[in-house]
Amino acid sequence: MIRCYCDPPTVDAGGTLSVFVSTDAAHFVLRVYRQTTGFRHVASVPEYEAEGEFVGEGTVDQDWGWPEYRLALPASLASGAYFVVAAEVTAGGARRWPSLQDAAGDWGKALFVVAPVDRQHKPILYKLSWFTYACYNWTGEGSLYAGAHWSDYRNRPGYRVSWRRPGVATGGLVSEGDPHDVYVPGSRRQTFEHWDAPFFRFLHREGFEFDVATDLDVHRRPELLRQYNLVLSVGHDEYWSDELRDAIDDYISNGGNLAFLSGNTCCFRIDVEETTATIRCEKARGHEAEYLWQARRPEQETTGVTYFNGGGWWDGRRPQVGYRPYHHAHWSYDGVDTSTDLGASTSPPVVGYECDGADYGMQRGRPVVTRASFGRLPIVLGVGPLGEGWHAFKRGAAATIVTYTDRSGGIVYTGATTDWPIVAETDPEIGKVTSNVLRALQRPNLRVLGPFREGRSTDLVQAGKSYEFRLQSTPGRPAPGTVTAWRVAIDDKVLLDWVGSGPVLRFEVPEDARTLTVSVDQRVHEGAHCGFGSLSFDVLNTTEAATVGFTRALGRAGTPGGPPGSFTDVERAWPVNRSPISSTQAGVLSAALKQMTESLRQLGETGDQGPL
């Protein structure tokens, strides 16, 4: 038997990779493979042969301390996901390799990443979920799910797991009792082969250029993200440190685009202790405020969704649940057949095995998010209801595709299911949606300002009113011949599609509108796209606008729940997407009318949401 691991898991091209090996064979050989459209041998890295040494297993929370072997890597290696593959050499010179077909396997393989080359960054950064893989790794008979080790190391209590042991991202020993995926029997969940390899094949097949980094890299060097137009979170991106969360949030708030093609995303909070190469998580009853992001800084403030509005189906075949599409004219649905549920007929179906949802309600036949996150109100593009048999946290739970645009112009798209990367490779419609999203968001971000109504900025859109949108600036100096193309999508139709227009767009929202997306695309005439921006809104009718204006006026009048001019607890109780206020609610609100006279007058003067 031969096993190995790499530390650190990321190395520069032209650098030296440290591989730690234990084997009972007298000699062994190491090869390097790379994941692209397949699992490919990297011939430019010479084979490495050495004498073997056997060292026993350590505990799950400590460095296993196996013998170190150092591989020199050529400077020509591109950033990507690579694997050391180890073979035992018998006395007769024969080599016993693990499977060389893919990255799966219980022994003889270790993942490492070749870092992006400075000043040669691709438009996309693929962020591997190294933390999650380390937390699920059961090699040594322990993980954060079974056989975990609790300690008070340096007076910081918690369960600990080390990544200086074999099996992280590659091993079949995932967690004791963890069921096999009946849809993908060739790999265990919580491994690279299961979640990432299908999406790597898709990206390379579709011609996308991207660099690769682990979340440990982002944790260490948050400035790494600034070089990219788009960051990808794929598969099962469950465990996040404070440093990782801050880096992602700062990236979005500075105009970066992010696609969460993942599920159960950012659920558990961890501490990373680099000196001991361990991850700490206080996953114990009574410590929820420490280990659940939901309890301290809800993940939907970043992703737009949470696992606690979704659910899971872990064992056996699950119902064929796909996404019912909404707002069919949204640019992510270009060229997609939206007449039926997306990803419902595939194997596996796209919704599962864990999925996230938004807090939404139905209003005039479309789903509308009920609670903003830091003022960001996502729109819902797809709904996959979780029915009987799902483990769900609330009645009516559903996986939801959402998107929102940060005030900085950064666009977030969330697919909200772990199985998205598997289905993108095999299902034409999910694949097309994925390509649309990536091709748009990999472009430099264009910040669209608006909507403006009668010259004043507002944050909600009302049917039957005229609005203006403005392109604030372009990244760098536009090349000669650059044209600007505005597009206005209303519900299931493209209302306007103007090419060659200027930096300002004006139009009237139709009376029957329910959802609006304004997008802008800059490109060199008959050439490459060079910038993209987008804003989406749920459109209010007259009654809904009156309800919002009424409750905002209460806030200005000093109603408990917020300072004048802010969103209030009253508004959260009767959000825009709910039914018009009832007679009972009106009675409660009418008690404040005498305090509102001056505020209502000011509301009318400022041009905020009306009529009242």
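Conventions used here
Residues numbered from 1 in each chain as written. Predicted model: local features only at pLDDT ≥ 70, side-chain atom pairs only at ≥ 80, totals over all residues. Heavy atoms only, no water. Helix = DSSP H or I, 4+ residues; strand = E, 2+ residues; numbered from the N terminus. Buried < 20%, exposed > 50% of the residue type's maximum accessible area, 1.4 Å probe, protein only. Areas by Shrake-Rupley, 256 points an atom, 1.4 Å probe, with all protein chains shown as cover. Pairing = 2+ DSSP bridges. Phe/Tyr/Trp six-rings, centres within 6.5 Å; stacked < 30°, edge-to-face > 60°. Lys NZ or Arg CZ within 6 Å of the ring centre and 35° of its normal. Contact = heavy atoms within 4.5 Å. Core = buried A, V, L, I, M, F, W, Y, C linked by side-chain atoms within 4.5 Å. Salt bridge = Lys/Arg side-chain N within 4 Å of Asp/Glu carboxyl O.

(A) Local environment of the overall build of the protein chain. Within the protein chain, the secondary structure is distributed over 13 helices and 37 strands. Within the protein chain, the proportion of its 612 residues that are buried is 60%. Split by element, the accessible area of the protein chain, about 23700 Å² in all, is 49% carbon and sulfur.

(B) Region of the structure containing the sheet that holds strand β32 (residues 466–471). Within the open sheet, the four strands sit side by side as β30-β29-β32-β35. Their pairing is antiparallel. What marks the edges here is a single partner per strand, and that holds for β30 (456–457) and β35 (504–508). In this sheet, β35 lies alongside β32 in antiparallel orientation, the contact comprising five bridges. Paired with Phe469 across the strands is Leu505, a residue of β35.

(C) Seen up close, the packing of aromatic side chains. Inspection of every chain in the model, using the stated rule, returns 32 aromatic pairs. Their ring planes at 70° and their centres at 5.1 Å tell us that Phe83 and Phe192 sit as a pair that is edge-to-face. Taken together, the positions of Phe83 in strand β8 (residues 80–89) and Phe192 in helix α2 (residues 192–206) put the pair 109 residues apart, joining distant regions of the chain. Taken together through their ring pairs, the aromatic side chains of Tyr33, Phe39, Phe83, Tyr126, Phe192, Phe199, Phe200, Phe202 and Phe210 make up a single cluster. Its guanidinium or amino end placed over the ring of Trp293, Arg245 lies 4.9 Å from that ring's centre, counting from NZ or CZ. Note that Lys283 overlies the ring of Phe268, its terminal NZ or CZ placed 4.1 Å from the centroid.

(D) How the structure looks around the side chain of Thr400. Mapped onto the secondary structure, Thr400 falls in strand β27 (residues 398–405). Look at Thr400 and you get buried, because its relative accessible area is 0%. The residues touching Thr400, leaving out its near neighbours within four places in the chain, are Val305, Tyr323, Asp356, Gly357, Ala358, Tyr360, Val380, Gly382, Val383, Thr414 and Ala416.

(E) Quick peek at the sheet that holds strand β22 (residues 354–357). The three strands lie next to each other as β22-β20-β26, forming an open sheet whose pairing is antiparallel. Bordering the open sheet on either side are β22 and β26 (391–392), each of which pairs with just one other strand. Where strand β20 (residues 306–312) and β26 come together, two bridges link them in antiparallel fashion. Bridge assignment links Gly312 to a residue of β26, and that residue is His391.

(F) Looking closely at the nonpolar core. Membership of the largest hydrophobic core comes to 112 residues, with the highest contact counts inside it found for Tyr126, Phe199, Leu232 and Trp420. Per-element tally for this core: the top contributor is α2, with seven residues. Not counting residues up to four positions away in its chain, the partners in contact with Trp420 are Leu261, Tyr323, Val350, Ile401, Tyr413, Gly415, Ile430, Val433 and Thr434. Among the nonpolar cores identified, the runner-up in size contains 24 residues, and Cys4, Val11, Leu73 and Ala86 belong to it.

(G) Quick peek at the pattern of salt bridges. Overall, the coordinates contain 38 salt bridges when judged by the stated rule. Among the salt bridges present, the one from Arg297 reaches Asp249, with a minimum N-O distance of 2.8 Å. Note that Arg297 is positioned in the loop between α6 (293–296) and α7 (300–303) and Asp249 in helix α4 (residues 242–253), a separation of 48 residues in sequence. Among the residues examined, Arg297 registers a relative accessible area of 23% and is labelled partly exposed. Residues joined by salt bridges that share partners form a network here, namely Arg160, Asp242, Arg269, Asp271, Glu273, Arg280, Glu282, Glu290 and Arg296.

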